[in-house]
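Given next are the chains, with one letter for each unit.
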2 protein chains.
Amino acid sequence: MERVRIAIDCMGGDNAPEAPVAGALDALAASSEIEVILVGREEEIQKALAGKKYDAGRLSIRNASEVIETAEHPVKAINSKKDSSMVVSLKLVKEGEADAVLSAGNSGALLVGGQTIVGRLPGVKRAPFGAMIPTTHGGSLLVDSGANVDCRPDMLIDFARLGSVYVSEVLGRKNPSVGLVNIGAEEEKGNALVKETIPLLREAAGLNFVGSVEARDIPETPVDIIVCDAFVGNVVIKMYEGVAKTMMKALQTGFKSNPVSALGALMSLPSLKKSLKDFDVSQYGGAPLLGLKGLVMKTHGSAKAKEFTNSCLQMIAFVRNDVVGKMQKALAEAEKSKTAESASTE
Amino acid sequence: MERVRIAIDCMGGDNAPEAPVAGALDALAASSEIEVILVGREEEIQKALAGKKYDAGRLSIRNASEVIETAEHPVKAINSKKDSSMVVSLKLVKEGEADAVLSAGNSGALLVGGQTIVGRLPGVKRAPFGAMIPTTHGGSLLVDSGANVDCRPDMLIDFARLGSVYVSEVLGRKNPSVGLVNIGAEEEKGNALVKETIPLLREAAGLNFVGSVEARDIPETPVDIIVCDAFVGNVVIKMYEGVAKTMMKALQTGFKSNPVSALGALMSLPSLKKSLKDFDVSQYGGAPLLGLKGLVMKTHGSAKAKEFTNSCLQMIAFVRNDVVGKMQKALAEAEKSKTAESASTE
């Protein structure tokens with residue numbers, strides 16, 4: 001079986017190049033199924049590799065002289081920095097030299113570059129990011145978690161379809177359920193976008209739509225795919241991070257407030273940490289850009305080595321199970337069933 | 001000084017009539033500045049009052065034979081149930097027999113009834129709910145927390161104005177700061193609504209606009225008024241509740257997982273509870289419907305006596321400081337400055 005070839009943008013994110021390089025090495029050690037192409041300024045990458053042990057047969061370096069910075073304008077950056085680590089990585093996928101790209105760099109640029117360089121599957125109007133968020137049922141895929149802030153109903157239907165293929169093929173959950181973020185469970189609730197989308201999701205062939213999901217219920221929802229526009233998706237994921245972080249701080253303050261509770265803290269912290277680990281958004285690795293002709297994955301700007309490693313390992317199932325091919329098939333079947341339906345009603 | 005007269009809808013919410021009645025009695029005991037009018041089915045209210053001690057000179061009962069249920073269609077309910085506790089309460093304010101209404105009933109109906117019976121101030125296009133949410137800086141007012149899910153930029157400007165008057169007059173924070181919920185701090189970030197609203201907020205006279213607020217930063221934000229449409233507002237407030245609730249459960253599971261940590265829990269729980277109390281959304285009482293000719297306040301459906309009491313006490317400053325009059329003045333001045341500006345540019 002051929003190996004899964006991952007191009008790693010080694011210049012993106014706050015901890016570049018150390019974190020992407022270290023994460024790549026850990027991934028190589030963890031799985032014999034992958035090989036990595038480290039993309040970026042060769043000298044800096046060599047420095048990060050110095051003294052480390054790894055299987056050199058499964059690692060190569062591709063020099064790229066430019067770096068797209070976090071604050072740069074996405075379209076301008078992709079168009080002007082042809083020799084940036086991000087553009088070079090994306091081209092490796094386009095040209096079949098890599099199966100996947102992993103980057104912690106400028107999200108907007110990755111979104112633009114993914115769509116223009118790797119390209120969208122036929123029928124996909126917009127590519128959404130799908131991020132796993134923690135739930136008491138092992139996590140849900142939030143789509144769109146960061147790409148398209150202004151959506152039309154048909155875009156949300158695509159997000160549901162792409163997310164369903166990902167969850168079933170990569171996470172192995174059969175017939176995964178789809179919910180729509182809403183402000184209440186009743187039929188008449190929602191803003192204009194949501195009210196238009198609900199009946200379309202109900203009618204859509206091949207989707208296991210189970211209705212609205214209220215934000216309050218997200219942390220404990222059994223729903224596999226949570227659909228929303230990326231503005232709402234950003235609020236969901238960032239509130240999750242923010243509230244969890246602030247509560248952890250408050251807990252620490254509480255523990256430290258007197259000697260008795262500090263002693264209590266020592267006794268209970270190990271098991272507390274174990275049960276709160278489920279709320280760590282980073283445990284799930286990166287967010288794939290769904291609906292492209294190849295795999296493009298974003299991990300967050302502050303990602304450490306562990307998150308690069310987790311993302312690499314996550315990519316194996318994506319490539320092995322031909323998620324791209326299956327997404328294309330699911331979209332084509334949906335299109336056919338729409339055509340058949342409109343023919344039968346004529 | 002005349003007392004603040006509060007009409008309490010005693011039939012609204014999950015715990016009616018016991019919770020509203022008990023909350024009213026506690027509020028009477030806590031402040032000699034208020035009197036309450038208990039509105040609803042007299043027999044049931046009398047039963048809830050039986051055996052309780054209170055200052056009968058500051059309590060009266062207004063019989064109302066009907067009840068608007070939570071699931072009822074708001075417009076239909078307000079139009080058809082003229083003798084409901086909610087409609088009768090709102091009419092008491094309209095006719096000057098009460099200064100304020102407090103209800104835990106159907107939010108949509110209260111929104112419709114507030115606008116049609118009590119009425120909007122001149123120039124107010126839509127009345128938003130303003131809910132206090134917990135922050136490490138003593139709380140922020142989230143406007144709109146539940147009324148208008150589809151907004152235009154000029155509506156968000158009104159929300160900022162109404163919220164600023166409320167926070168300055170009721171909470172006593174001078175020149176309060178205004179932020180807009182957004183997906184990033186950079187100027188070019190946001191959906192279409194946010195991008196159109198930012199320059200208008202910047203130019204608006206009399207507002208202390210400080211820029212975008214990312215959801216991640218909300219729990220620790222020093223910003224006094226957080227503006228957004230009510231769809232986003234609902235997601236913010238419900239994610240807050242949901243994540244906090246689920247983390248508290250996970251903590252309890254962690255504490256119980258073995259005898260050592262259970263003992264640790266006994267030692268640290270009192271101080272933990274104290275520091276986590278700040279995350280209890282209910283501590284802040286009700287959410288006023290802003291921009292009306294009188295005070296209409298909503299407390300949530302599952303509110304207990306304590307929340308009714310807190311809401312009643314919060315109403316004193318609102319009425320005493322003539323928040324309605326000051327909102328009207330702020331809107332009129334903004335209108336005048338807009339007219340002056342367009343005249344000067346002609």
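Conventions and cut-offs
- Numbering of residues begins from 1 in every chain and follows the order in which that chain's sequence is written.
- Whichever chain is written first becomes A and whichever ligand is written first becomes 1, with later ones labelled in order.
- In keeping with the model being predicted, local features are shown solely for residues with a pLDDT of at least 70 and side-chain atom pairs are shown and tallied solely at 80 or more, while totals for entire chains, interfaces and linings include all residues.
- Where side-chain values are given, they derive from all heavy atoms of the structure, hydrogens and water being excluded.
- Numbering of helices and strands starts at the N terminus; helices are DSSP runs of H or I of at least 4 residues and strands are runs of E of at least 2.
- Relative accessibility thresholds used throughout: buried, under 20% of the residue-type maximum; exposed, over 50%; partly exposed, between the two (1.4 Å probe, protein chains only).
- Residues are treated as being in contact if the distance between any of their heavy atoms lies within 4.5 Å.
- Only the protein chains shown count as covering a residue, and every accessible area follows the Shrake-Rupley method with a 1.4 Å probe.
- Charge assignment: positive for Lys and Arg, negative for Asp and Glu; neither His nor the chain ends contribute.
- Throughout, a charge is located at the NZ atom of Lys, the CZ atom of Arg, the CG atom of Asp or the CD atom of Glu.
- Salt-bridge detection follows one rule: a side-chain nitrogen of Lys or Arg within 4 Å of a carboxyl oxygen of Asp or Glu.
- The pLDDT value expresses, per residue, how confident the predictor is, ranging between 0 and 100.
- For two strands to pair, DSSP has to find at least two bridges joining them.
- For helices, the fitted axis covers only the stretch in contact; all axes are lines through C-alpha atoms, and the angles between them, taken along N-to-C directions, range from 0 to 180 degrees.
- Whether a crossover is right-handed depends on one test, that the path from the first strand over the helix to the second runs clockwise when the strands point away from the viewer.
- In this analysis, rings of Phe, Tyr and Trp, with Trp reduced to its six-membered ring, are considered paired at centre separations within 6.5 Å, and the interplanar angle assigns stacked below 30 degrees, edge-to-face beyond 60, and tilted for intermediate values.
- Residues enter a nonpolar core if they are buried and are Ala, Val, Leu, Ile, Met, Phe, Trp, Tyr or Cys, with the set joined through side-chain atoms within 4.5 Å.
- Relative orientations are named as follows: roughly parallel for angles under 35 degrees, roughly antiparallel for angles over 145 degrees, roughly perpendicular for angles from 65 to 115 degrees, and oblique for any other angle.
- Here is the rule for handedness: rotate from the far helix to the near one, and if that takes an anticlockwise turn smaller than a right angle the crossing is left-handed, while a clockwise turn gives right-handed.
- Under this grouping Gly is polar, as are all residues other than the nonpolar Ala, Val, Leu, Ile, Met, Phe, Trp, Tyr, Cys and Pro and the charged Asp, Glu, Lys and Arg.

In terms of helices and strands, chain A carries eleven helices and eleven strands. Counting only C-alpha atoms, chain A reaches 70 × 60 × 40 Å along its principal axes. For chain A, the residues scored as buried account for 56% of the 346 residues in total. Of the contacts made within chain A by residues no fewer than 6 positions apart, 70% connect residues no fewer than 24 positions apart. Accessible surface, chain A: about 14200 Å² in total, of which carbon and sulfur atoms supply 51%. Of the charged side chains in chain A, 40 are positive and 42 negative; the average position of the first set lies 3 Å away from that of the second.

Residues and elements named next belong to chain A. This structure, assessed with the given rule, holds 32 salt bridges over all chains. With a closest N to O distance of 3.9 Å, Lys125 and Asp154 form a salt bridge. On the criterion of sequence distance, the pair formed by Lys125 in the loop between α5 (107-119) and β5 (130-133) and Asp154 in helix α6 (residues 153-170) is long-range, its members being 29 residues apart. The salt bridge partner of Lys125 is Asp158, with a shortest N-O separation of 3.0 Å.

Here the focus is unusual backbone geometry. Glycine aside, a negative phi is what most residues show, and trans is what most peptide bonds show. A cis amide bond links A:Ala16 with the next residue in sequence, A:Pro17, at an omega value of -5°. Cis rather than trans, the peptide bond between A:Val143 and A:Asp144 has omega equal to 15°. Here A:Asp144 is to be found in the loop between β6 (140-143) and α6. Despite not being glycine, A:Asp322 has its phi angle at roughly 50°, a positive value. Phi is positive for B:Asn175, close to 45°, though the residue is something other than glycine. Mapped onto the secondary structure, B:Asn175 falls in the loop between α6 (153-170) and β7 (177-182).

A separate point is the confidence of the model for chain A. Considering every residue of chain A, the mean pLDDT works out to 91; 92% of them sit at 70 or more. Complex prediction metrics read pTM 0.91 and ipTM 0.90.

Another point: the sheet that holds strand β4 (residues 100-103) of chain B. Residue and element names in this part refer to chain B. Strand order in the open sheet formed by six strands is β3-β2-β1-β4-β11-β10, with mixed pairing between adjacent strands. Taken across any chain shown, the strands that pair with only one partner, and hence form the sheet edges, are β3 (59-63) and β10 (287-289). Between one strand and the next, the sheet's axes are offset by a mean angle of 25°, whatever the strand orientation. Here five bridges tie strand β2 (residues 34-40) to β3, and the two strands are oriented parallel to one another. Pairing of Ile37 across the sheet is with Ser60, part of β3. Here helix α2 (residues 42-49) sits on the sheet and contacts β2 and β3; the angle it forms with β3, its principal contact strand, is near 150°.

Moving on, we come to the pairing of strand β1 (residues 4-9) of chain A. Residues and elements named next belong to chain A. Counting buried positions along β1 yields five of six residues, so the element is predominantly enclosed. When β1 meets strand β2 (residues 34-40), the two strands line up parallel, connected through six bridges. Within β2, the position partnered with Ile6 by the bridge is Val36. With helix α1 (residues 18-30) bridging β1 and the parallel β2, this β-α-β connection has right-handed handedness. Strand direction decides the pairing type here: β1 and strand β4 (residues 100-103), joined by three bridges, are parallel. The residue bridging Ile8 from the neighbouring strand is Leu102, located in β4.

Moving on, we get to the packing of aromatic side chains. Residues and elements named next belong to chain A. Counted under the stated rule, the structure contains two aromatic pairs over all chains. Judged by centre distance (5.8 Å) and plane angle (50°), the rings of Tyr166 and Phe318 are tilted. Residue Tyr166 is located in helix α6, and its partner Phe318 is located in helix α10 (residues 305-320); the two are separated by 152 residues in the primary sequence. Owing to a relative accessible area of 1%, Tyr166 belongs among the buried residues under this scheme. What makes Phe318 buried here is its relative accessible area of 4%.

The next thing to look at is the pairing of β2(A). β2(A) sits mainly inside the fold: six of its seven residues count as buried. Viewed along the sheet, the connection from β2(A) through helix α2 (residues 42-49) of chain A into strand β3 (residues 59-63) of chain A turns out right-handed.

Residues A:Leu38 and B:Leu38 are the most contacted members of the largest nonpolar core, which totals 225 residues. Apart from the residues lying within four places of it in its own chain, the contact partners of B:Leu38 are B:Ile8, B:Cys10, B:Val21, B:Ala24, B:Ile45, B:Leu49, B:Leu59, B:Ser60, B:Ile61 and B:Arg62.

Turning our attention to the packing of α6(B) against helix α7 (residues 192-203) of chain B. When two helices pack together, you describe them by how their axes are tilted relative to each other and by the distance separating the axes. Residues and elements named next belong to chain B. Interhelical geometry of α6 versus α7 gives an angle of 50° and a closest axis separation of 9 Å. The pairing of α6 with α7 is recorded here as oblique in orientation. Where α6 crosses over α7, the two elements pack in a sense that is right-handed. Each of Pro153, Leu156, Ile157 and Ala160 in α6 lies in contact with α7, whose residues at this interface are Leu193, Glu196, Thr197, Leu200 and Leu201. Of the residues assigned to the contact of α6 with α7, the class counts are seven nonpolar, one polar and one charged.

Once that is clear, we can look at the side chain of A:Ser85. Residue placement: A:Ser85 occurs in helix α4 (residues 85-94). Setting aside anything within four residues of it in sequence, one finds A:Ser85 in contact with A:Asp9, A:Met11, A:Val39, A:Gly40, A:Ala64 and A:Glu66.

Right, let's get into α4(A). Helical periodicity: at 3.6 residues per turn, an α-helix aligns residues three or four positions apart in one direction. All names here are of chain A. Within α4, eight of the ten residues are buried, which leaves the element mostly enclosed by the surrounding structure. Taken together, the buried positions of α4 are occupied by Ser85, Met86, Val87, Val88, Ser89, Leu90, Leu92 and Val93. Among the residues trailing α4, Gly96 stands out with phi positive, at a value near 75°.

Mapping B:Ser103 onto the fold places it in strand β4. Once residues within four sequence positions are removed from consideration, B:Ser103 is found in contact with B:Asp9, B:Met86, B:Leu110, B:Met297, B:Lys298 and B:Thr299.

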